[in-house]
Amino acid sequence: MDHVPALHEPLRKVLGGNTAKVMAEHLDLHTVGDLLHHYPRRYAERGELTRLADLPLDEHVTVVAQVAKAAMKTFNHGRGVRLEVVVTDGSGSLTLVFFGRGAYAREKELLPGRRGMFAGKVSVFNRTRQLLHPDYELLDKDSGADAAESFANRLLPIYPACKQFQSWKLTKAVDTLLDLFEAEQWQDLVDPLPPALREGRGLDELPDAFRKVHRPRSKADIEDARARLKWDEAFVLQTALARRRHTDSQLPAVARKPVEGGLLDAFDAKLPFTLTDGQRTVSAEIFTDLATEHPMHRLLQGEVGSGKTMVALRAMLAVVDAGGQAAMLAPTEVLAQQHHRSVTEMMGELAEGGLLGGADQGTKVVLLTGSMGTAARRQALLDLVTGEAGIVIGTHALIEDKVQFHDLGLVVVDEQHRFGVEQRDALRTKGKQPPHLLVMTATPIPRTVAMTVFGDLETSVLDQLPAGRSPIATHVVPAKDKPHFLARAWERVREEAESGHQAYVVCPRIGDDAAEEGAPAGAPAKAPKARKKAADEQEPSPEDLEEKRPPLAVLDIAAQLTAGPLRGLRVEVLHGRMQPDAKDDVMRRFAAGEADVLVATTVIEVGVNVPNATAMVIMDADRFGVSQLHQLRGRVGRGSAPGLCLLVSEMPEASPARARLAAVASTLDGFELSRIDLEQRREGDVLGQAQSGVRSSLRMLAVIEDEEIIAAAREEATAVVAADPELAHLPELRTALDALLDREREQYLDKG
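Not measured: the values here are computed from a predicted model.

Criteria and cut-off values
- Residues numbered from 1 in each chain as written.
- Predicted model: local features only at pLDDT ≥ 70, side-chain atom pairs only at ≥ 80, totals over all residues.
- Heavy atoms only, no water.
- Helix = DSSP H or I, 4+ residues; strand = E, 2+ residues; numbered from the N terminus.
- Buried < 20%, exposed > 50% of the residue type's maximum accessible area, 1.4 Å probe, protein only.
- Contact = heavy atoms within 4.5 Å.
- Areas by Shrake-Rupley, 256 points an atom, 1.4 Å probe, with all protein chains shown as cover.
- 1 Å grid on protein atoms, 1.4 Å probe; cavity = no way out; pocket = protein on both sides within 12 Å on 5 of 7 lines; lining within 4 Å.
- Points joined across faces, edges and corners; volume = space filled by probe spheres on them.
- Nonpolar A, V, L, I, M, F, W, Y, C, P; charged D, E, K, R; others polar.
- Pairing = 2+ DSSP bridges.
- pLDDT = per-residue confidence, 0-100.
- Axes fitted to C-alpha atoms, helices over the stretch in contact; angles between N-to-C directions.

Colleague: Please set out the overall build of the protein chain residue by residue, giving values where relevant.
Modeller: A count of helices and strands for the protein chain gives 29 helices and 21 strands. Residues classed as buried in the protein chain amount to 54% of the 752 residues present. The long-range share in the protein chain, meaning contacts at least 24 apart out of those at least 6 apart in sequence, stands at 75%. When the accessible surface of the protein chain is split by element, carbon and sulfur atoms take 51% of a total near 32500 Å².

This is the structure in structure tokens:
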């Protein structure tokens, strides 16, 4: 093949069908562009070897090392043979082990003094670190002086690879591409960065960046390439978000200005407490947005319990004052019912507009969920279409075609990460003109992630807790190492109940095993294929064995507690497969103090507000993500008594899972935890499974480390789009945008 491949060309045309098939199946690389953007994870140097002393256990690694000694050994009374090869790099050593017939062939190649690249999964046997049946490529074969020379004086790229396609095979595949491009002097390569921006920031041209990242001559080459390629990712992504912001800002909307002496003023006058400074500031930002003739698009993020619902309710009341209606969309029926209950309680007679005893300037607050009875549903729909109900709170049932509004002015979406952008947009089409939009999340998001994931929304932050909130003490309970700690945890729950308080016990699973509610959101999980692959390769690690035990279940734990350590207390269960009426009944009774302990799944994660609940025990806490643990913990300490959260785990103390739990126990600052979460996990997890556009386009950019680049790229992109919304004068940027984010994906960029 002698023509230069286009970036969107399938790899099979360049590398052949078999190679392309393996790369597609195991590395998710499909096109020429995918492979060019598959950057080395690190580089090994010919003279300076990777430190074997620092190898992580249970990870698939590629090392460059020299054979120190090799010995054939027999076992099983001489019936079996194995070759043990010790390789070293001066910092430490590693044993390569080969069994069976293959041992003899390798004995002839792996002679002392030979150097090579070795790839495999690091395990320990008899206190010695080893690679079992590693793949390898010798760097100085006797017959291949040229091969040795090609590696000499060169940084060796070590690519993210897999058992089926090792790093050096990726090197050869990338070399094939680079040679094709070089031959034609990169003539068809599209450079997304406007020349003025690239030159102004002193960035490399794109062909140079690809050469330097895949075939670096020095560490300076690698730095230059990274600087350029990070800018590409940040700028193209921020341009897509800036265009979405620009498009939204051109839409017409009805300005909703608060009215003096109306519903909002009446509500504020009866508040039994004063708003925090943060609540006042954020409310002012929202009221300013609502008063404009373009739709508000604002993200309100705040700590668990910072009073976001109060801010949202005041915004809804202002819109009702201005003659419109407001809809609040909640992710679950439990949460919708909870919001409806707390809003009507806060408003009192103001929520009984048109009813006997209701206030003159009041309005009707209706609930709409999928499981409502026909008569109640018909009445709610009627109240909405006539405008009788100023506020509606519901689940995605609000999005259905038959739901019609009299004049929808504001949509409040609670817990944005549970809704796709298409659901949000479906609700927005129900207004005569696009309604204003307020998105709330209690999962604190670092500024750069907010700019990357929610980049089409303006952001407000509530980081001040209302007065009267109590501190929450958090402790890790190592159930396996110290079973008496778990016994003490149940004693603490009993003590709380006996002093008139209540407790939650959270489990990852329901327990009757028919179509479980999925794994906990944010839990570090292995893909099924990866899990199988790991099992084929090596002995399972303690964490693998622990993962194989089914997560603890609500029904089992509730039964054990009722019969054992919490005998005599009133224990209730709550999970997602209960009938909605039954769920609401349990929540009502728990809120009214008619139950001591609620054993539940993460259905209680957001929005549930029972000030008398002071203790929470989270079983198998290591199965949950950091942000989710922080969310759950926010359900206690909501009254005047101090809160207690116990994170129960059977993981060994040195495991990464326990490190995550220790981080949660060490701070109540959700923003700090979200940074830890991002640093400890793959970025893709944090950016969200549904964030396909974002995740697939971020290969070099790290959203925490590269904060300055992202912020600068956002500014540049906003200016470019303001000057040329259609990018008519920047066809290369348009092409790059279309390639990275086809039309459909651009629409999904902010999907959480």
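Now, onward.
Colleague: For empty space enclosed by the protein, give the residues involved together with the corresponding values.
Modeller: Across all of its chains, the model carries one cavity of 30 Å³ or more by this definition. Volume-wise, the largest cavity comes out at about 30 Å³. In terms of lining residues, the largest cavity is bounded by A253, V254, R256, L408, G409, Q433, P434, P435 and H436. Tallied by class, residues from the lining of the largest cavity come to five nonpolar, three polar and one charged.

Colleague: Break down the pairing of strand β11 (residues 364-368) for me, citing the residues and quoting the values.
Modeller: Of all five residues that make up β11, five are buried, and the element is covered over most of its length. Neither face of β11 is open: one carries K364, V366 and L368, the other V365 and L367, and all of them are buried. Both β11 and strand β12 (residues 389-394) contribute to a ladder of five bridges, which runs parallel. Bridge pairing links V366 to V392 in β12.

Colleague: Give a description of the confidence of the model for the protein chain that names residues and reports values.
Modeller: Overall, the prediction assigns the protein chain a mean pLDDT of 81, with 83% of residues at 70 or greater. Note on residues 514-547: pLDDT under 50 across the span, and 58 contacts to partners over four residues away in sequence or across chains. Contacts from residues 684-693, a stretch scored under 50 in pLDDT, to residues over four places away or in other chains number 23 contacts.

Colleague: Explain the sheet that holds strand β15 (residues 458-462) to me, and be specific about the residues and the numbers.
Modeller: Two pairing modes exist for strands in a sheet, parallel and antiparallel, and in both the strands are linked by backbone hydrogen bonds. Pairing is parallel in the open sheet, where seven strands are placed in the order β11-β12-β10-β13-β14-β9-β15. Every other strand in the sheet has two partners, leaving β11 and β15 as the edge strands with one partner each. Looking at each pair of strands side by side, their axes are set apart by 20° on average, direction ignored. Alignment of strand β13 (residues 408-414) against strand β14 (residues 436-441), held across five bridges, turns out to be parallel. Residue pairing in the sheet places L410 in a bridge with H436 of β14. Where helix α13 (residues 333-347) meets the sheet, its contacts fall on β10 (325-329), β11, β12 and β13, and the angle it forms with β11 comes to roughly 170°.

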